[in-house]
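These are the residues of each chain, in order.
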Amino acid sequence: MLNELVYNFAVWLDDTPWSTLLHESYYMYNWVESTHVLTLMVSLGMLFIIDLRMLGYALPEVPASKIAERLNVPMLVGFSAMFITGILLFYAVPVRSSQSVWFRIKMVLLVVCAVNAFLFHKRLNESVSTWDTEARAPGRIRMGAALSLGFWSIVVMCGRFIAYDWFDCQYDQSALVEFLAGCVDGQVRF
Amino acid sequence: MPTSILGPYTRTIIVGAVIATTLIFAFTNARVEVWFDIQPLFEWMETTWFGVIGKTWGAAFAFVEAIHLLGLAMLGGSVLVGEGRVLGLIFTDIPARTIIDRTHRVFVWALITLLATGIFMACGVAMKIYYLPVYWYKMLALAAGILFHFFIRKPLLVRDLEAINPWLLKAVAISSVMVWFTVAATGRWIGFSG
């Protein structure tokens, strides 16, 4: 039921002229995708520096609160650009994207990353005054940073794997893959 | 130590000349002869273990691609934070030496990751990239970036920033950001070509 709803919505998006235009435009689509990937250098670049600082591997002489505070803005600018270009990429290829196992895992992990980021910043703000200048953050903060690095690494991997058609609904798949991908019986659009 | 006729900028001028010569070579017919000569190297790359694994197991190739992207993100972070400090945009209350030295370490690890995964990926699609102009543009940008970073930017920034002409600092920082984003952009464009 839910899968059919998602499929029908994706087909409706796919039928809109702008979706076709974006998908068929060689340069526009590639520029959007390139921007999506290049903003990794801003968003994840800043995030990795923050996480590595908490773990004691980057800029240990700089107070942790300053790292988190100063790099937050460029990181959020990068994530905003990634979010917008990500929506455009989904809009350009809605049916295949919505039925990609990797895309679905990525979306779940993005929510997990957001929750982890919220908890990480909450714990950081609560305790940072007691360890701000120490090279390594306390265990709980380090755990949050390590989880952030791990989750985002898997998000990037899933994003990269979306390009591959191993588990696409148009091919014969196992019941598990069909379930995870949300393949719909008798679907004609892929 | 003998005094160079080029003054304190000897190394910078030599590296600049090397980059300029390489670019002239790359955009003239002289490159065609070399291009033919190195074809066996690319054919051999496909027969190496990396090449065989990359061509046989798509998942392995995709996994290494993802690691390559993570390295790119880390490189981007180190470049933007380091150059942001040089430009006086962030961490102005932290000594520039601290930020520059520490981000350089992250940069080196990111570059090692990029080179290692990049070599693996190149082996897997060696003959494809051999014929792609954008791949050679990326290699040019990468070579320029590495030469620029280690032989121009790093020796220059060893000095006290206060003693360096602010416009030179700005030019170096902006050039650094531009060259590494060019490397990333041309790399992404390889995926759209061929």
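Coordinates for the structure precede this section.
Everything quoted here is computed from the prediction, not taken from an experiment.

Participant: In this structure, what is going on with the overall build of chain B? I would like to understand it.
Facilitator: Helix and strand content of chain B: nine helices and zero strands. Its helices and strands taken in sequence order, chain B reads α-α-α-α-α-α-α-α-α from the N to the C terminus. Considered along the principal axes of its C-alpha atoms, chain B spans approximately 55 × 35 × 30 Å. A buried classification covers 45% of the 194 residues belonging to chain B. Residue pairs at least 24 apart in sequence account for 80% of intrachain contacts in chain B once pairs closer than 6 positions are excluded. With an accessible surface of roughly 10,200 Å², chain B has 72% of that area assigned to carbon and sulfur atoms.

Participant: Before we go on, may I ask you to explain the overall build of chain A in this structure?
Facilitator: What chain A contains, in helices and strands, is nine helices and zero strands. In chain A, which comprises 190 residues, the proportion classed as buried is 48%. Of the contacts formed within chain A by residues at least 6 apart in sequence, a portion of 77% connects residues at least 24 apart. Surface exposure of chain A reaches about 9,900 Å², of which carbon and sulfur atoms provide 68%. Positive and negative side-chain charges of chain A, numbering 13 and 16 respectively, have mean locations separated by a distance of 13 Å.

Participant: Is there a simple way to think about the side chain of Ser100(A) in this case?
Facilitator: As for its placement among the helices and strands, Ser100(A) is situated in the loop between α6 (94-98) and α7 (101-131). Of the polar contacts made by the side chain of Ser100(A), one reaches the backbone nitrogen of Phe103(A); its length is 3.1 Å.

Participant: In this structure, what is going on with a negative patch on the surface? I would like to understand it.
Facilitator: Together, Glu4(A), Asp172(A), Glu178(A) and Asp185(A) give the surface a local cluster of negative charge. Taking the relative accessible area as the measure of exposure, Asp185(A) reaches 77% and is therefore exposed.

Participant: Explain the pattern of salt bridges here, please?
Facilitator: Any two side chains of opposite charge can pair, so long as their charged atoms come close to each other. This structure, assessed with the given rule, holds twelve salt bridges over all chains. Salt-bridge contacts for Arg188(B) lead to Glu33(A); the nearest nitrogen and oxygen are separated by 2.7 Å. Pair noted here: Arg188(B) is in helix α9 (residues 166-192) and Glu33(A) is in helix α3 (residues 26-38), and the two residues belong to different chains. Given a relative accessible area of 13%, Arg188(B) falls into the buried group. Lys66(A) is paired through a salt bridge with Asp93(B); the nearest N and O atoms lie 2.8 Å apart. Here the residue Lys66(A) occupies a position in helix α5 (residues 64-92), and Asp93(B) occupies one in the loop between α5 (58-86) and α6 (96-124), the pair thus bridging two chains. The exposure class assigned to Lys66(A) is partly exposed, which follows from its relative accessible area of 23%.

Participant: Looking at this model, I keep getting lost on α7(A). Mind explaining?
Facilitator: Residues and elements named next belong to chain A. In a regular helix each residue adds 1.5 Å, so 31 residues correspond to 45 Å; α7 covers 42 Å between its end C-alpha atoms and thus fits that length. At Asn125, α7 shows its largest bend, some 45 degrees. Residues of α7 that are buried include every one of Val101, Trp102, Phe103, Lys106, Leu109, Cys113, Asn116, Phe120, Leu124, Val128 and Trp131, and no others. Packing partners of the buried residues in α7 comprise α3, α4 (40-55), α5, α6, α8 (139-161) and α9 (175-181).

Participant: I keep staring at the state of the cysteines and nothing clicks. Help me out?
Facilitator: Think of a disulfide as a covalent bridge from one cysteine sulfur atom to another cysteine sulfur atom. Residues and elements named next belong to chain A. Here the structure, examined in full by the defined rule, presents one disulfide over all chains. Each sulfur of the disulfide joining Cys169 and Cys183 lies 2.0 Å from the other. Taking the torsion about the S-S bond as the criterion, the Cys169 to Cys183 disulfide, at about -90 degrees, is left-handed. Here Cys183 lies in the segment after α9 and Cys169 lies in the loop between α8 and α9, a separation of 14 residues in the sequence. Classification of Cys169 as buried rests on a relative accessible area of 13%. Unpaired in terms of disulfides, Cys113 finds its nearest cysteine sulfur in Cys158, a separation of 10 Å.

Participant: Help me understand the nonpolar core in this model?
Facilitator: Most often, soluble globular proteins have nonpolar side chains that are buried together. Of all hydrophobic cores here, the largest spans 75 residues; its most connected members are Leu44(A), Met54(A), Leu71(A), Leu75(B), Phe91(B) and Trp180(B). Sequence-distant contacts of Met54(A), defined by excluding residues within four places in its chain, comprise Ala64(A), Ala68(A), Phe120(A), Leu124(A), Trp131(A), Arg136(A), Ala137(A), Ile141(A), Arg142(A) and Ala145(A). Within the second largest apolar cluster, 14 residues are counted, among which are Phe42(B), Met45(B), Met127(B) and Val134(B).

Participant: I tried to follow the environment of Trp152(A) on my own but got confused; where do I start?
Facilitator: Residues and elements named next belong to chain A. Within the fold, Trp152 resides in helix α8. Residues Trp152 and Arg142, ten residues apart in the sequence, show an inter-C-alpha distance of 15 Å. Apart from residues no more than four positions distant in its own chain, Trp152 is found in contact with Leu44, Leu47, Phe48, Phe79, Leu110 and Cys113.

About the thresholds
Counting of residues starts from 1 at the beginning of each chain's written sequence and follows it residue by residue. By the order in which they are written, chains take letters starting at A while ligands take numbers starting at 1. The predicted origin of the model limits local features to residues at a pLDDT of at least 70 and limits the giving and counting of side-chain atom pairs to 80 or more, whereas totals for whole chains, interfaces and linings rest on all residues. For the side-chain quantities, the full set of heavy atoms in the structure was used; hydrogens and water were omitted. Strands here are runs of E lasting at least two residues and helices are runs of H or I lasting at least four, both read from the DSSP assignment and numbered beginning at the N terminus. Classification of residues uses two cut-offs on accessible area relative to the type maximum, computed with a 1.4 Å probe and protein chains only: under 20% is buried, over 50% is exposed, and between them is partly exposed. Throughout, a contact is declared for two residues whenever any of their heavy atoms are within 4.5 Å. Note on areas: these come from Shrake-Rupley sampling with a 1.4 Å probe, and a residue is covered only by the protein chains present in the view. Only four residue types enter the charge count: Lys and Arg as positive, Asp and Glu as negative, with His and the chain ends excluded. To locate a charge, take NZ of a lysine, CZ of an arginine, CG of an aspartate or CD of a glutamate. Pairs of N or O atoms are called polar contacts if they sit within 3.5 Å, as long as, within protein, a hydrogen donor faces a hydrogen acceptor (for residues adjacent in sequence, only side-chain-to-side-chain pairs). Patches here are clusters of residues that have more than 30% relative accessible area and form no salt bridge, with a 9 Å joining cutoff for like charges and a 5 Å cutoff for nonpolar side chains (Val, Leu, Ile, Met, Phe, Trp, Tyr). By salt bridge we mean one thing: a side-chain nitrogen of Lys or Arg within 4 Å of a carboxyl oxygen of Asp or Glu. Every helix has an expected span of 1.5 Å times one less than the residues it contains. At any given residue, the bend is defined as the angle formed between two axes, one fitted to the seven residues that end at that position and one fitted to the seven that begin there. Only a pair of cysteine sulfur atoms within 2.5 Å qualifies as a disulfide here. In these notes, a set of buried Ala, Val, Leu, Ile, Met, Phe, Trp, Tyr and Cys residues joined through side-chain atoms within 4.5 Å is what counts as a nonpolar core.

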